[in-house]
Amino acid sequence: STGIYWFRRDLRLADNPGLARALAMHEAVFFVYLDEQTQAPYDASRAWLSRSLQALAADIAARGGVLNVLTGRAEALLPRLAAALGAEAVHVSTLHEPDADARDARLAKTLLHEGVRLLRNGGRVLTDADRLRSKSETVYRVFTPFYKAALGTWRHVAVEAPTHLSAVQLPEGEDWPTTEVRSPRPAWDLGFWQHSTPGERAAHLRLEAFLGEVDGYVEARDYPGQDATSRLSAHLHFGEISPGRVLAQTRAIGSAGADKFLAEIGWREFAYYVLYHWPQSTSCNFNPRFDSLQWREDPEGLSAWAQGRTGVPLVDAGMRQLWHEGRMHNRVRMVVASWLTKHMGIHWQEGAKWFMHTLVDADLANNTLGWQWVAGTGVDAAPYFRIFNPVSQSQKFDPSGEYLRRWLPELAALDNRSIHAPWMSGVSVRGYPAKPIVDLQTGRQDALDRFARTAR
Ligand code: FAD
């Protein structure tokens, strides 16, 4: 028989249960990626996707197979493809995003009308969000108890990458919308590839290299200048490596650093769990109590933030790293998000939207959780009155100004004391704002007042 394997965010051959199932069920499997244009052409993650698909196509070709990339909606293309190939099933990995999963359910019905089954498989997350509940049968709302309960349920069943694939070509006699997901022109993405290489092989190498130094992670992970984290997020987002593989290799080490790293993988699981149980959290405050919060309309402030021109060095350094590299250190993500939502009073959804365009690891679940957590709109135990002070964060986590100097060359000549807040030392630098766009004390107090007004 013939089957279709529809690659989505599982761009890998190893540890891919859906792919293994398809190969076991059918003599011939047609491999396809559908470019449904869900990301804008200027999105950073689309640039990653194009390289990731090139890597996957090469890995498939090396085994004798062929990856077909078509443009268009699955609803239109899959029934046509299945009919032309005489395929009896379409296999996928579940995305675990409520809208996408609901769409799969509709698609399954459409295909069934044509006598074709849509077979959905796991592999993207480790937690069974539907089943995992507390002893009192309630859904977890706070990370730590969630993590304690979830950790014991996580399993990894290793699946070897296939060694041989059959080359099922597009059926002839029809006009198929074949395409390539191209790298951006002009190549505005070059800065992304100095530290990262998309693709399954690169993801495995990255994990191994990182685990070799995981013992330093507990301390070093918070220092943006050290860049001591795994840099696996985009690999995980596009499914170039499975969380199960990450789990198994990390568990095998068994050290404090490995445990800490596993807890971060736990945050990714928590984000998917929260999204499953609160699908509306992508566009609404997690806790409706904050719906009456007054956000400020400030398009100019928003673009100063996005362009790294707020006059707060750590915020500006982070936003410039994001623009140039398509990534930002986690500590700095928290600081820039806090600055936008608290000091500047701009809605977390504005920040979340900018991140979705500019991050190579842009991920609906992780990004929503990150923004709602920092904004203090009710997710986890993060209180709204925790407001990051971007100057003390900078002094504490980038004491020698290494990170600041990397991204703000105009401040590079300042000494270690004044670089974190030039205006406080009375230093003025040409080409850099003389003082922050919002006064630190006033912005903090305004935020506390606005949030306190929502208190019941
Ligand atoms: P490591 O420290 O090596 O962590 C390992 C893995 O654990 C990461 O690759 C990631 O998959 C997961 N992880 C780590 N921290 C978190 C977290 N706080 N929440 C969920 N998963 C986590 N991460 C994304 O992948 N996509 C996003 O769009 C995203 N948006 C964010 C927005 C904000 C405002 C904040 C505060 C955080 C966001 N994060 C997001 C989480 C985190 O910043 C990144 O996952 C991390 O910086 C990626 O670097 P790394 O792979 O080196 O992390």
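Structural notes, computed from the coordinates. The structure displayed is predicted, hence computed values, not measured ones.

Focus on the overall build of the protein
For step 1, the next point in the chain: Assigned secondary structure in the protein consists of 18 helices and five strands.
For step 2, the next point in the chain: With the C-alpha coordinates of the protein rotated into their principal frame, the extents come out at 75 × 50 × 45 Å.
For step 3, the next point in the chain: Looking at the protein as a whole, 45% of its 456 residues qualify as buried.
For step 4, the next point in the chain: Residue pairs at least 24 apart in sequence account for 78% of intrachain contacts in the protein once pairs closer than 6 positions are excluded.

Some remarks on the site of the ligand
For step 1, the next point in the chain: Near the ligand there are 28 residues, and of these Thr 229, Ser 230, Ser 233, Asn 367 and Gly 370 occur at the shortest range.
For step 2, the next point in the chain: Elements with a contribution of two residues or more to the shell around the ligand: helix H8 (233-237), helix H10 (256-277), helix H13 (330-343) and helix H15 (364-375).
For step 3, the next point in the chain: Top element by residues in the shell around the ligand is H15. It accounts for six residues.
For step 4, the next point in the chain: For the shell around the ligand, the per-class residue count stands at 13 nonpolar, eight polar and seven charged.
For step 5, the next point in the chain: Residue assignment places the shell around the ligand across two domains, with domain 2 (125-157 + 199-277) and domain 3 (288-450) each supplying three or more.

With respect to the nonpolar core
Soluble globular proteins tend to pack their nonpolar side chains together in the buried interior.
For step 1, the next point in the chain: Counting residues in hydrophobic clusters, the biggest one holds 105 residues, and the most contacted among them are Ile 4, Ala 82 and Val 90.
For step 2, the next point in the chain: The residues touching Val 90, leaving out its near neighbours within four places in the chain, are Ile 4, Trp 6, Leu 78, Ala 82, Leu 111, Val 116 and Leu 118.
For step 3, the next point in the chain: Counting 13 residues, the second-largest nonpolar core is a separate cluster that includes Leu 207, Tyr 217, Ala 228 and Val 246.

Topic: the sheet that holds strand S4 (residues 89-93)
For step 1, the next point in the chain: One open sheet accounts for five strands, arranged S3-S2-S1-S4-S5; its pairing is parallel. On the outer flanks of this sheet lie strand S3 (67-71) and strand S5 (117-121), each paired with one strand and no other. For this sheet, the mean angle separating the axes of adjacent strands, direction not counted, is 30 degrees.
For step 2, the next point in the chain: Helix H2 (residues 44-61) contacts strand S1 (2-7), strand S2 (28-35) and S3 of the sheet and is inclined by roughly 145 degrees relative to S3.

Looking at unusual backbone geometry
For step 1, the next point in the chain: Cis geometry marks the peptide bond from Arg 185 to Pro 186, where omega comes out at -10 degrees.
For step 2, the next point in the chain: Relative to the helices and strands, Pro 186 resides in the loop between helix H5 (143-151) and helix H6 (200-212).
For step 3, the next point in the chain: Notably, Asp 15 is not glycine yet its phi reads approximately 50 degrees, a positive angle.
For step 4, the next point in the chain: The backbone of Arg 231 sits at a positive phi, close to 55 degrees, despite the residue not being glycine.
For step 5, the next point in the chain: Considering the arrangement of structural elements, one finds Arg 231 in the loop between helix H7 (217-220) and H8.

Digging into the packing of H5 against H10
For step 1, the next point in the chain: At a minimum axis separation of 10 Å, H5 and H10 run at an interaxial angle of 100 degrees. In terms of orientation, H5 lies roughly perpendicular with respect to H10. Two secondary-structure elements touch here, H5 through Phe 143, Phe 146, Tyr 147, Ala 150 and Leu 151 and H10 through Ala 263, Gly 266, Trp 267, Glu 269, Phe 270 and Tyr 273.
For step 2, the next point in the chain: Along the lines of polarity and charge, the residues of the contact of H5 with H10 split into nine nonpolar, one polar and one charged.

Here is what the cut-offs are and how they apply
- Residues numbered from 1 in each chain as written.
- Predicted model: local features only at pLDDT ≥ 70, side-chain atom pairs only at ≥ 80, totals over all residues.
- Helix = DSSP H or I, 4+ residues; strand = E, 2+ residues; numbered from the N terminus.
- Buried ≥ 20, exposed ≤ 12 C-beta atoms within 10 Å, placed from the backbone.
- Contact = placed C-beta atoms within 7 Å.
- Near = placed C-beta within 6 Å.
- Nonpolar A, V, L, I, M, F, W, Y, C, P; charged D, E, K, R; others polar.
- Domains from an automatic or database assignment.
- Core = buried A, V, L, I, M, F, W, Y, C linked by C-beta atoms within 7 Å.
- Pairing = 2+ DSSP bridges.
- Axes fitted to C-alpha atoms, helices over the stretch in contact; angles between N-to-C directions.
- Parallel < 35°, antiparallel > 145°, perpendicular 65-115°, else oblique.

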